[in-house]
Amino acid sequence: MLRDYQQRTIDQLYAWFEEGGKGNPCLVLPTGSGKSHIVAALCKDALQNWPKTRVLMLTHVKELIEQNAEKMRQHWPGAPMGIYSASIGRKDLGEPITFAGIQSVRTKAKQLGHTDLVIIDECHLVNHKDEGGYRTLLEQLKAINPELRVVGLTATPYRLGHGLITDKPALFDALINPISIEELIYKGYLSTLHSKVTKAKLDVTGVHKRGGEFIESELQAAVDTDDKNQAVVQEIIALAGDRKAWLVFCAGVRHAQHIADALNQQGIVAECVTGETSKKERERMIGDFKAGRLRALTNANVLTTGFDYPDIDLIAMLRPTMSASLYVQMAGRGMRIKSHTDHCLVLDFAGVVASHGPITAVQPPKKGGDGNGEAPVKVCENCDELCAISVMVCPACGHPFPVKEIKKLQLHDDDIMGLDGTDLDVTSWTWRKHISKASGKEMLAVTYYGGLSDPAITEYLAVTHDGYAGQMAMQKLVDMVQRAQIEPGGLNVKSLEEMVTNMNKAQPPIHIEFKRDGKFFRVMRRKWA
């Protein structure tokens, strides 16, 4: 039986296709929302309604292949399915549904044959450009069946240096956002994260970047020292208390091993998992961790996707990263509902929360340039020389530039979730059309009213805007239409004026939780009777 939002996901996907959506959509689903259940239901529905359909489910790691296949068997015990994965030791072909690893099938388009639907888990890993294993396989499958459709799933619909996965050139054409982290927590499907300010800090000053990310060799050299490792480990132990399952993300293989050694020296039973760990040893370590025989696992670039242990109650981030996607994946390991506590403690020694913000409000990275733009410049106030933005002294006259005071983001306790808002019991709402002063485009504005002494809270929905802002606004509007008990077809209107009329007649929520976001308000949760 699907949860309400899981069925909503499938309904919104079908609606997108029925409304003429062209190209390939991506379902944006937070970590812990049960993507494998949605995939299973989607495959079952496709095969039962269109028996000749052939589905290929792709992902990049063995654990995700096994999880997705297991949920398929749960939803449909007699499902006509096969697995094609060298790491699992199976190469089944010929079934209507195939769960496969991209590394194993990227050159097997002819063997796979006619395929109607490709579903890609962790689809943010698909290259923006028309290259790489995924894009090559899809191009060859499309040559066999020009009507091939692709559906992506990810919790992080962006790529470092490229922006959103829908930014052209891209494989995906639209983002569908059926559920938010806030709603999953509110409904009791995810636990929260608590964060603590750490005294030890990992400084990346002087570490260079390549492709928008820190160069690993330089990063390890900067953060992996005996003094820093000892300070970090002692603070983890001091703050952990009686927490029983610690997951530590490190900057590289050597760093992960050194942290495990330092933990063991302090009496904390720990082991290190890296890409070099054998399959047998990795399974043994993870089994010991889940059984409580290991208190801590350190890792380098391994336990971010495909690894789920709900009772993880402490995450230590020792891996500075420019990747918002990696940050969300790391934090997501601690959000499963636990058997012994209601939250997971996150110790951010690497400053990633301050860099990327609360995981409920991570901003997609900006799209990288082509490297041919003009270098940023500033003007010397003494001689009017145009100087590079980075220089501290004018090269023409020697005049020093004033040093700007950098305002550092301060991580406060318990703010990694970004969930603390202000409550308002709603008595009524008013909808109107609004013209954006910044863009000149039409928007929808809804004002929520409470008691006489309560402030009026206005939320703006940029439904006519392009890109991410427009997509997110439309998702919010669809959700409100569904929950406000508007008659079916309530969105089939010819103008924003009609939408305003419809919504002003609709049932408002009985309660909202809001937060100031700059000079505007962001409504974080709505509750209907």
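All values reported here derive from a predicted model rather than from experimental measurement. (Residues numbered from 1 in each chain as written. Predicted model: local features only at pLDDT ≥ 70, side-chain atom pairs only at ≥ 80, totals over all residues. Heavy atoms only, no water.)

S.K.: Now, about the overall build of the protein chain: what can you tell me, with residues and values included?
M.R.: Counting its secondary structure elements, the protein chain contains 15 helices and 26 strands. Looking at the protein chain residue by residue over its 529 residues, the buried ones come to 51%. For the protein chain, the share of sequence-separated contacts (at least 6 apart) that also reach a separation of at least 24 residues comes to 68%. Of the roughly 25,400 Å² of accessible surface on the protein chain, a fraction of 51% belongs to carbon and sulfur atoms. (Helix = DSSP H or I, 4+ residues; strand = E, 2+ residues; numbered from the N terminus. Buried < 20%, exposed > 50% of the residue type's maximum accessible area, 1.4 Å probe, protein only. Contact = heavy atoms within 4.5 Å. Areas by Shrake-Rupley, 256 points an atom, 1.4 Å probe, with all protein chains shown as cover.)

S.K.: Please set out the sheet that holds strand β23 (residues 442–449) residue by residue, giving values where relevant.
M.R.: With respect to topology, three strands assemble into an open sheet ordered β22-β23-β24, the strand pairing being antiparallel. With one partner strand each, in any of the chains shown, β22 (428–435) and β24 (457–461) form the two edges of the open sheet. Looking at each pair of strands side by side, their axes are set apart by 25° on average, direction ignored. Inspection of the sheet shows β23 paired to β24 by five bridges, in the antiparallel sense. Bridge pairing in β24 places threonine 447 opposite threonine 458. Relative to β22, helix α15 (residues 496–505) is tilted by about 170°, and along the sheet it contacts β22 and β23. (Pairing = 2+ DSSP bridges. Axes fitted to C-alpha atoms, helices over the stretch in contact; angles between N-to-C directions.)

S.K.: So what's going on with the sheet that holds strand β5 (residues 97–101)? Which residues, and what values?
M.R.: Strand pairing in a sheet relies on backbone hydrogen bonds. The paired strands run either parallel or antiparallel. Across the sheet, eight strands lie side by side as β4-β3-β5-β2-β6-β7-β1-β10; this open sheet has mixed pairing. Because the sheet does not close on itself, it has two edges, and the strands there are β4 (90–91) and β10 (174–176). Bridge analysis of strand β1 (residues 25–28) against strand β7 (residues 149–154) gives three bridges, and the strand direction is parallel. By the bridge assignment, cysteine 26 is partnered in β7 with glycine 152. Set on the sheet, helix α2 (residues 35–49) makes contact with β2 (55–59), β5, β6 (117–121) and β7; between it and β6 the angle comes to about 175°.

S.K.: Tell me about the nonpolar core, residues and numbers included.
M.R.: Among the nonpolar cores identified, the biggest contains 95 residues, and Leu58 and Ile120 are the most heavily contacted of them. Here this core takes seven residues from α2, the largest share from any one element. With 31 residues, the next largest nonpolar core counts Ala200, Val248, Leu347 and Phe349 among its residues. (Core = buried A, V, L, I, M, F, W, Y, C linked by side-chain atoms within 4.5 Å.)

S.K.: So, the packing of helix α8 (residues 216–223) against helix α10 (residues 253–265): which residues are in play, and what are the values?
M.R.: Orientation of α8 relative to α10, taken along the N-to-C sense of each, is 25°, at an axis distance of 9 Å. Relative to α10, α8 is oriented roughly parallel. Taking contact as the criterion, the partners of Glu216, Gln220 and Val223 in α8 are, on α10, Val253, Arg254 and His255. Taken together, the residues that form the contact of α8 with α10 break down as two nonpolar, two polar and two charged. (Parallel < 35°, antiparallel > 145°, perpendicular 65-115°, else oblique. Nonpolar A, V, L, I, M, F, W, Y, C, P; charged D, E, K, R; others polar.)

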